[in-house]
Structure formats: C-alpha cells, structure tokens
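Analysis of the macromolecular model
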Amino acid sequence: MLRWIARCVALSLGLYAFGVARADVGDVNGDSRINVKDVIRALQYAEGLRAPNADQLRRADVYPVVGTEGRALGDGRVTLADALRLLRYLTGRITRADLTGEIRVDTLAGSGAEGWFDGPGASARFSYPWTLGLDAEGNVYVADAYNGALRKVSPEGAVTTLAGDRSTPGRLKIGYRDGPADRARFNKPEAVAVGDDGTVYIADAGNHVIRQLKDGVVSTLAGNGQPGFRDGRGTDAQFREPTALLVANHGLYVGDTSNHAVRRVEWNGTVTTIAGGGTRGYTDGPALEAAFVNPDGLAFDEAGRLYIMDCGNLFIRRLENNGRVTTWAGDGHNRAADGPIASASFILPMQLDFDASGNLYVGDWGAQAVRRISPDGWMKTIAGTPGQYGFRDGTGAQALFIAPMGVVVDRRRNIAYVADTDNQRIRRIFLPRP
C-alpha cells in the first residue's frame, strides 16, 4: 500500500524515473541517487516494514534536529517526517543544502577595498562595517563606522547611503550634527536597529548618543554628546560609547559598553538602566547589582529573557524574567572551544541574534568565525575556522573571515548576514531550512 501511494504521488509529479543529484544523506537505497525509491524505503522503515542497518539509518534520518550534540541532522530514528522531507526535496521545496544541513557562505556586498562608494554589491566600498540591522523586506542596514555613515544593502546587494554628510564630493564628514540625512554627521556609529515603523536607530558611539533616522531627518533621541552615566529623558541622559542596539518590547535596548551597563530607551527618549551599575566587573545577581565588562550584543528569546554579550568577560549573560542576571554560556577562557555551553569559549564575541528555531548566532570577532548555540545548549562553529584569517566564500569551515563582528538573522529567509569588518564586506550565511 505504501509503495502504491508513493508511486502515485511520484508519477503525478513526474518524478519516478527522474532522480536528483548524487548524494549520501538521503540516498537511502545506496544507489548514488535520490529518487522516489528512497522515499518508499524511508516509509517502510518508518512503518516498521523493514529494519534499517546503521548505514541505512544514517542515510534516511534526514529530518533536522539542529544542535543535538553538535550535529545538524537527525534524531537517531526514521519517522514519517524523514520520508516527507525527502519528498519535499524531490519536489523542489527544499534544497540540497537544506537536506544535508550544509552551511554556505557568500558575499552580498563590498569590493574588499576600504572607502566609501555606493553601487552594485561587488563595487561598493565600506570603511569598517561594524554591526547590522534588518527590516521586514530583507534590507540590511550597516553601521559604517569609520565612514561615519548609515548604509543600506538591498537583498540583491545594491548599496546606498541613507545618512551621512555628503556635502563634499567623494567623502563623508565626521562630527555631530542633526538635520537632513545627507547633511547629518556621525562619529563612529557602531550599531543600528530598525523599528517596526521603519525608523532607523543608530548608536553613535563616538558622540555618546542614540540617534534616529525618520522621514529623511536625523535627530538625537537620547544623550547630550558628553560621555557620562546618567538616567533621564533626552539630553538629560548620558551614555559612554554605546555599541549595541535592539528594538524590542516597545522600546530600545542599548549596550552601553564603556559604562558596563545595559540601558532601556523609551520612544519619548527616557533612559533607564536595567542591568549593571556603571562599574566593570563580573558578578551575577539582581540586575542592578550585576557587573559586566563592555557588554555589547543583545537579543531576546521567545520567553522574554534578555541575552547580553559580556565581551570583556567572555561570557553570554542572561537577564532572567525574575530580574536576576545569570551566566548562560562560556567558561571565561580566551579560546574558541565548541561543546556544551558551560565549557565552550569565545575569543572576542560581539553581536548576536536568534533564528526562528531558537538557535543563537554569535559573531566571534577574535575567532574569525561565526558560532551557533542550539536550544539544547551546544555551541558549534558553523562558518570560518578559528585562527585562520582571510577572505573566501564556501561551505562551513572553508569560508574565511577577518573580524566578523556583526550578525543578524533574517528569520523568514533563513539567512544570517555578517559584517565582515576587516574584509570591508557584508557576507551571507545560508542556513538550512527545517
């Protein structure tokens, strides 16, 4: 009966004798092809009509259970889900990379030469792109730090300058000035985030303020241009080199790096400290008594817990819903070790973001790699090789980076974008679809 059903489905789709690319994963029959016969065999295993040996089990167990002890695929058994996933592959609904769990890296924009130039991806130039933001249409926003500019990259790779003083042809002016976007000045903007209404927020680290771009005009939301540590509204508040932004829960969260604190900014510009007390150190406990060293990247999980990249301490900390800060990942050692999060380690981690499946991605600047922490608490290097510097597109460890600082995940399209800072490029990591 199962064979007849699968044959009818395959004939109706014109696939029975067609087959697809040569493969190992998914090639259940071991005939160097994936075709409907493999779907039938997987169905038989799932229904208990046949018993797979170890090799057949490995080939047929294709439904992803991401992160199980660092593996990208499989739960150790063959179920109907595995057979349906093979059928999705045959009908073109998922790719070969999706099926195998392959991680592929390419370049979206940037020629590799430092400078300022708008245009198609391969000809555009950046000057140390720091971190990234993302809008609902899949456009990537770049905090172009040393150009003192906010840049935008379309899904096709076209680069434009959204804000920055272009009054002098061929270069941008650094400084601090609000006003029309093409006359506004920044001083080392290091973070960017996009609100639901399209407002773009910029952490202007060198000016110690939080700016916003709305309707073509740049204004200061909070801070007064002087470094300090003070809560308050608008210009009454002070920051010291803010380098991380996150739009969430009807507010803006700020990694106030050199104040060793995490702040929250309301839409009216009111600033409140939510974790850390302005003194560097390492202490868990009640949020305002906790201590950090240069907190940077921020991300919320589905349960509403805030993850804080504690760069100087080499930990990921977590602000729990009960108002306490705990240490969630890392062992504090300066190395790039994968494994269970309690013993895994970073070299110089920066921005972080979640995908739709609850995996947390980390741009590990010092390791020259992008790391992933799965929901079951396992860290794995998914792109780049720790300690190897360079520029190369490719799969997984074949890809090379130099200082990949920013990472933001397009959850709808299963793409992680990376600010490959010292390569002056924006890279893409194509993540396997479930």
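First, a word on what this report is: a plain description of the structure on this page. (Residues numbered from 1 in each chain as written. Predicted model: local features only at pLDDT ≥ 70, side-chain atom pairs only at ≥ 80, totals over all residues. Heavy atoms only, no water.)

Considerations on the overall build of the chain
- Of the regular secondary structure elements, the chain holds five helices and 29 strands.
- In terms of overall dimensions, the chain is globule-like: its C-alpha atoms have a radius of gyration of 24 Å, near the 22 Å expected for 434 residues.
- When the backbone C-alpha atoms are referred to their principal axes, the chain occupies close to 75 × 50 × 40 Å.
- By sequence separation, contacts in the chain at least 24 residues apart represent 44% of the contacts at least 6 residues apart.
- With an accessible surface of roughly 17,300 Å², the chain has 50% of that area assigned to carbon and sulfur atoms.
- Side-chain charges in the chain split into 50 positive and 49 negative, and the spacing between the mean points of these groups amounts to 4 Å. (Helix = DSSP H or I, 4+ residues; strand = E, 2+ residues; numbered from the N terminus. Rg over C-alpha atoms; globule rule 2.2 N^0.38 Å. Contact = heavy atoms within 4.5 Å. Areas by Shrake-Rupley, 256 points an atom, 1.4 Å probe, with all protein chains shown as cover. Lys, Arg positive; Asp, Glu negative; His and termini not counted. Charge placed at Lys NZ, Arg CZ, Asp CG, Glu CD.)

Section: the pattern of salt bridges
- The tally for this structure, following the rule as stated, stands at 27 salt bridges.
- Between Arg263 and Asp231 there is a salt bridge, with the nearest N and O atoms lying 2.9 Å from each other. Residue Arg263 is found in strand E14 (residues 261–265), and its partner Asp231 is found in the loop between strand E10 (217–222) and strand E11 (232–233); the two are separated by 32 residues along the sequence.
- Among the ionic pairs, Asp338 bridges to Arg371, the shortest N-O distance being 3.0 Å. With Asp338 in the loop between strand E20 (324–329) and strand E21 (339–340) and Arg371 in strand E24 (residues 369–373), this residue pair connects regions lying 33 residues apart in the sequence.
- Given a relative accessible area of 0%, Arg371 falls into the buried group.
- Through salt bridges with shared partners, a single ionic network connects Asp27, Asp55, Arg58 and Arg59. (Salt bridge = Lys/Arg side-chain N within 4 Å of Asp/Glu carboxyl O. Buried < 20%, exposed > 50% of the residue type's maximum accessible area, 1.4 Å probe, protein only.)

Some thoughts on the environment of Asp422
- Its location among the elements puts Asp422 in the loop between strand E28 (415–420) and strand E29 (425–430).
- For Asp422, a relative accessible area of 37% gives the class partly exposed.
- A C-alpha to C-alpha distance of 22 Å links Asp422 and Pro155, two positions 267 residues apart in sequence.
- Residues within four places of Asp422 in sequence aside, it is in contact with Tyr128, Ile402 and Ala403.

Notes on the packing of aromatic side chains
- Evaluation of the coordinates by the stated rule reveals eight aromatic pairs.
- Plain terms: the ring middles of Tyr128 and Tyr146 are 4.9 Å apart, the flat faces sit at 50° to each other, and that makes the pair tilted. Of the two residues, Tyr128 sits in the loop between strand E1 (104–109) and strand E2 (129–134) while Tyr146 sits in the loop between strand E3 (140–144) and strand E4 (149–153), which places them 18 residues apart along the sequence.
- A ring pair is formed by Tyr201 and Trp267, whose centres lie 5.4 Å apart and whose planes are at 25°; its orientation type is stacked. Of the two residues, Tyr201 is situated in strand E8 (residues 200–204) and Trp267 in the loop between E14 and strand E15 (270–275); the sequence distance between them amounts to 66 residues. (Phe/Tyr/Trp six-rings, centres within 6.5 Å; stacked < 30°, edge-to-face > 60°.)

A closer look at the sheet that holds E20
- With antiparallel pairing, the five strands of this open sheet are ordered in space as E16-E20-E19-E18-E17. Taken across any chain shown, the strands that pair with only one partner, and hence form the sheet edges, are strand E16 (285–286) and strand E17 (295–300). (Pairing = 2+ DSSP bridges.)

Focus on helix H2 (residues 36–46)
- Of all the eleven residues making up H2, nine are buried; the element is thus mostly covered by neighbouring parts of the structure.
- With a side-chain oxygen lying 3.0 Å from the backbone nitrogen of Lys37, the N-terminal cap of H2 falls on Asn35.
- Once H2 finishes, Gly48 follows within two positions and takes phi at roughly 80°, a positive value. (Polar contact = N/O pair within 3.5 Å; in protein donor to acceptor, adjacent residues only side chain to side chain.)

A word on helix H4 (residues 80–90)
- Asp82, Ala83, Arg85, Leu86, Tyr89 and Leu90 are the residues of H4 that are buried. Each buried residue of H4 lies within a common arc of 160° when the element is viewed along its axis, so the set occupies one face.
- Looking at the residues trailing H4, positive phi occurs at Gly92, about 80°. (Arc of directions from axis to C-beta.)

A look at the side chain of Thr161
- Among the structural elements, Thr161 can be located in strand E5 (residues 159–163).
- At a separation of 2.8 Å, a polar atom in the side chain of Thr161 contacts the side chain of Trp116.
- Discounting residues that sit within four places of it in the chain, Thr161 has contacts with Trp116, Asp118, Ala149, Leu150, Arg151 and Arg166.

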